[in-house]
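Listed below are the residues making up each chain.
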Amino acid sequence: MSGFAPDELAAVVGAAHVLTDPDVTERYRTDWTGRRTGRADAVVRPRTTDEVSALLRCCGRAGVAVVVQGGNTGLVGGSVPAVEADGPVVILSTERMTEVGAVDTVEMCVGVQAGATVADVQRAAAAAGCHFGIDLASRDSATAGGIVATNAGGVHVVRHGSTRAQVLGIEAVLADGRVVRRWSPLRKDNVGYDLPGLLAGSEGTLAVITGVLFALGEPRGATAVAIIGCDTADRVFELVAAVRRGGLTVEAAELMTAAGIDLVVAAGARPALRSGPRFQVLIEASGADPADELATVLAAAGVDDAVVEAGPARDLWALRERHTETIAASSATVPVKLDVGIPHRDVDGFLAELEQLSADVGHPCRPVVFGHVADGNLHVNLLDVPDGEQAALAHRVLELVVARGGSVSAEHGIGRDKREWLPVVRDGADVDVMRAIKRAWDPAGQLNPGVLFP
Ligand SMILES: Cc1cc2nc3c(=O)[nH]c(=O)nc-3n(C[C@H](O)[C@H](O)[C@H](O)COP(=O)(O)OP(=O)(O)OC[C@H]3O[C@@H](n4cnc5c(N)ncnc54)[C@H](O)[C@@H]3O)c2cc1C
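What you are looking at is a predicted structure, and each value in this text was computed from that prediction instead of being measured. (Residues numbered from 1 in each chain as written. Predicted model: local features only at pLDDT ≥ 70, side-chain atom pairs only at ≥ 80, totals over all residues. Heavy atoms only, no water.)

The 4 strands are arranged S1-S2-S4-S3 in an open sheet whose pairing can be described as mixed. Only two strands of the sheet have a single partner each, and these edge strands are strand S1 (18-19) and strand S3 (65-69). Pairing geometry for strand S2 (residues 42-44) and strand S4 (residues 89-93), over 3 bridges, is parallel. Residue pairing for S4: Val-44 is matched across the bridge by Leu-92. Where helix H3 (residues 49-62) meets the sheet, it contacts S2, S3 and S4, and its direction lies at approximately 175° from that of S4. (Pairing = 2+ DSSP bridges. Helix = DSSP H or I, 4+ residues; strand = E, 2+ residues; numbered from the N terminus. Contact = heavy atoms within 4.5 Å. Axes fitted to C-alpha atoms, helices over the stretch in contact; angles between N-to-C directions.)

See below:
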């Protein structure tokens, strides 16, 4: 076989699961932000690991590039092919690989197929009296394979770590069709390189993840949620520390700005505070009697602008969770979205520089920042920026981040959007090792070409 041959793919997955009509494939070729629509000869939808293996063998023989796609909620353009992709390319969607295995309540883990959503995993864990440590607003679409491939963070990293920390085992298909399977519930297993850990954050460039064995935790205790008005990020960090010192466990700490709160309230969310402070921080904490304890800790810390509710406090969480979609709907142009990490001591300085840059830039630019502040992770959104100015402005913001020793990608990955930054933020030997790893797993560069590496 040479070149794209839909019949060979159809022989593996069935003709109904090789989609070639451009109208039908458009939703797979366009990313969640709507910023990127790529070119693909087909979308293939396997059901099993064996089918993935057979597909990759076919594509390898024919020189067809494979772009792996889970829920397509990624925000850096990694899940869709490039427009300028030369040569044949297929999108391999895991949307039919949705099985969730039985929860093992002795070993505290659950094995799932790569296309199971985060919400599926959460529900299975909860039904068995366990807790899954990852949660993010895209939970109903983002998949197990996708959160591993991006090493997604979300709102509970401060408590449980990122996705990599939840991965016990992995099943993945190499570009040549061989299957790598490490599938043990052991928490301690130091035999050789940590391949599951390496696949976490690999963004579809090393292998197609077909299954994940996730660690689960004990069910959470009672929780309470506070929204607190603050004038500085330094004050936010003081309060997070005070809540911990008060004996509570911090489950989440999310920063919102007045600009973001105004947008979500205008879109129908219920405001929490009567005043309009510069920042509002949402702190979720667990403990024996968390609402009372949280209120006591905040009062002792001198807080006079706060509301505290017993968990799950969905209305308070809605203020934070509605940010992403409201921002997308509120901008005159597709918003510039940057996911950055900033050292705690630099957050106030960075935010001041960002305000200044937005004011001075000489074209429309409305900054709306929010994020997982306890992890130093800010989502910088710049609204109304004219299309022709977006790349240059994003570059200037990332320069500010790098100058403060921050990360140009805290949790979303590099994808296609930030690949030019790889050699800026990682030194030569580091990038050489990454390229060598890529060659070892995918010698022909067949998987997600153009993602991660410039
Ligand atoms: C409303 C909203 C809120 C979000 N909140 C957060 C957040 O709090 N924290 C966070 O980290 N992210 C967040 N995201 C981003 C996104 O949800 C995550 O990056 C998520 O992990 C992507 O999962 P997915 O299944 O949609 O992957 P996709 O978007 O389909 O793919 C993302 C990358 O993973 C690769 N990939 C997908 N599946 C596989 C597989 N089976 N094998 C190998 N590679 C694969 C793709 O090739 C691509 O490079 C949010 C997105 C939205 C839209």
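Another aspect to go through is the layout of surface pockets. Its boundaries defined by the atoms lining it, the second largest pocket holds a volume of some 760 Å³. What lines the second largest pocket is a set of 35 residues, among which Arg-164, Gly-201, Glu-203, Ile-414 and Arg-426 lie closest to the centre. Put simply, the parts of the chain that give the lining of the second largest pocket at least two residues each are helix H7 (195-199), helix H15 (422-425) and helix H16 (428-441). Per element, the largest residue contribution to the lining of the second largest pocket is 4 residues, and it comes from H16. For the lining of the second largest pocket, a count of residues per class yields 14 nonpolar, 14 polar and 7 charged. For the lining of the second largest pocket, the domains that each give at least three residues are domain 2 (109-215) and domain 4 (331-414). (1 Å grid on protein atoms, 1.4 Å probe; cavity = no way out; pocket = protein on both sides within 12 Å on 5 of 7 lines; lining within 4 Å. Points joined across faces, edges and corners; volume = space filled by probe spheres on them. Nonpolar A, V, L, I, M, F, W, Y, C, P; charged D, E, K, R; others polar. Domains from an automatic or database assignment.)

Let's shift gears to unusual backbone geometry. Each neighbour pair has its own omega, and for Gly-311 with Pro-312 the value is 5°, a cis peptide bond. Tracing the sequence through the fold places Pro-312 in the loop between strand S12 (306-310) and helix H11 (314-321). Unusually for a residue other than glycine, Ala-313 sits at a positive phi of about 50°. Looking at where Ala-313 falls in the secondary structure, it is placed in the loop between S12 and H11. By relative accessible area, Ala-313 is classed as buried at 6%. (Buried < 20%, exposed > 50% of the residue type's maximum accessible area, 1.4 Å probe, protein only.)

As far as function goes, none of this settles anything; it's purely spatial.
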